[in-house]
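# Chain and residue survey
Given next are the chains, with one letter for each unit.
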Amino acid sequence: MNKTEQNERFESIRCQLDALGYRLYMLLDSIDLVGQLIVDFLHTTDSLKQYKNIAQNTLDVARNLETRSALYL
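Summarised in this report is the structure supplied together with it.

### Digging into the overall build of the chain
- A count of helical and extended segments in the chain gives 2 helices and 0 strands.
- The C-alpha radius of gyration of the chain comes to 22 Å, more than 25% above the 11 Å expected for a compact globule of 73 residues.
- Its C-alpha atoms give the chain principal-axis dimensions of roughly 75 × 20 × 15 Å.
- Residues classed as buried in the chain amount to 14% of the 73 residues present.

### Digging into the layout of surface pockets
- Of the voids in this model, the largest pocket is the one considered here, and its volume is about 170 Å³.
- Every residue along the wall of the largest pocket is listed here: Arg14, Leu17, Leu20, Tyr22, Leu24, Tyr25, Met26, Val34, Leu37, Ile38 and Phe41.
- Secondary structure elements with two or more residues in the lining of the largest pocket: α1 (3-19) and α2 (31-70).
- Of all the elements, α2 adds the most residues to the lining of the largest pocket, at 4 residues.
- Partitioning the lining of the largest pocket into residue classes produces 10 nonpolar, no polar and 1 charged.

### With respect to the environment of Lys3
- Its place among the elements puts Lys3 in helix α1.
- Distance from Lys3 to Ile38, taken between C-alpha atoms, is 22 Å for residues 35 residues apart in sequence.

### So, the nonpolar core
- Phe10, Ile13, Leu17, Met26, Ile31, Val34 and Ile38 form the largest nonpolar core, which has 7 residues in total.
- Elements that contribute at least two residues to this core include exactly α1 and α2.
- Apart from the residues within four sequence positions on either side, Ile13 is in contact with Met26, Ile31, Val34, Gly35 and Ile38.

### Side note on α1
- Its 17 residues give α1 an end-to-end C-alpha distance of 24 Å, which sits within 8% of 24 Å, the value for a rise of 1.5 Å per residue.
- Buried residues along α1 sit against α2.
- Its side-chain oxygen placed 3.1 Å from the backbone nitrogen of Thr4, Asn2 serves as the N-cap of α1.
- Backbone geometry just downstream of α1 places Gly21 in the positive-phi region, at approximately 90°.

### A look at the pattern of salt bridges
- Following the criterion strictly, the structure yields 3 salt bridges and no others.
- For Arg9, the salt bridge identified is with Asp32, shortest N-O distance 2.7 Å. Taken together, the residues span a long stretch of sequence, with Arg9 in helix α1 and Asp32 in helix α2 at a distance of 23 residues.
- Among the residues examined, Arg9 registers a relative accessible area of 30% and is labelled partly exposed.

Each value, and the rule that gives it
- Here the residue numbering is sequential within each chain, running from 1 through the sequence in written order.
- Under the rules for a predicted model, residues below a pLDDT of 70 receive no local features and side-chain atom pairs below 80 are neither given nor counted, while totals for whole chains, interfaces and linings still include all residues.
- Side-chain numbers come from the whole structure's heavy atoms, not from hydrogens or water.
- By definition, any uninterrupted DSSP run of H or I lasting at least four residues is a helix, any uninterrupted run of E lasting at least two residues is a strand, and each is numbered from the N terminus.
- Throughout, the radius of gyration refers to the C-alpha atoms, and the reference size of a globule is 2.2 Å times the residue count to the power 0.38.
- Think of it in three bands: residues with accessible area under 20% of the maximum for their type are buried, residues over 50% are exposed, and the middle band is partly exposed, with areas taken using a 1.4 Å probe on protein chains only.
- Only protein atoms enter the 1 Å grid used here. Points where a 1.4 Å probe fits but cannot escape make up a cavity, open sets with protein on both sides within 12 Å along at least five of seven lines make up a pocket, and a residue lines them when an atom lies within 4 Å of a point.
- Grid points are joined across faces, edges and corners, and a volume is the space filled by probe spheres set on the points.
- Polarity classes work like this: nonpolar for Ala, Val, Leu, Ile, Met, Phe, Trp, Tyr, Cys and Pro, charged for Asp, Glu, Lys and Arg, and polar for all others, with Gly in that last group.
- Nonpolar cores are built from buried Ala, Val, Leu, Ile, Met, Phe, Trp, Tyr and Cys residues. Side-chain atoms within 4.5 Å join them into one set.
- The contact rule is simple, with two residues in contact once any of their heavy atoms fall within 4.5 Å.
- Given a helix with a known number of residues, its expected span is that number minus one, times 1.5 Å.
- Here a polar contact means two N or O atoms within 3.5 Å. Within protein one must be a hydrogen donor candidate and the other an acceptor candidate, and residues neighboring in sequence count only if both atoms are side-chain atoms.
- When a carboxyl oxygen of Asp or Glu lies within 4 Å of a side-chain nitrogen of Lys or Arg, that pair is called a salt bridge.

Laid out in structure tokens, this is it:
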């Protein structure tokens, strides 16, 4: 990776960190590690949102079934 690409990647990662509220100093040598951690963090966050939606939908279906079955008791 040439110096220009490295600087662009650093700036991109720095912007992502700033957007996430992480304003601490970062060494240029750590961009590979920090970049991968950001990717993992965003993937985990997306997965959490997906499973929260699935859980909420399941609870809604269960409540609906309880309401309908109460008519037969």
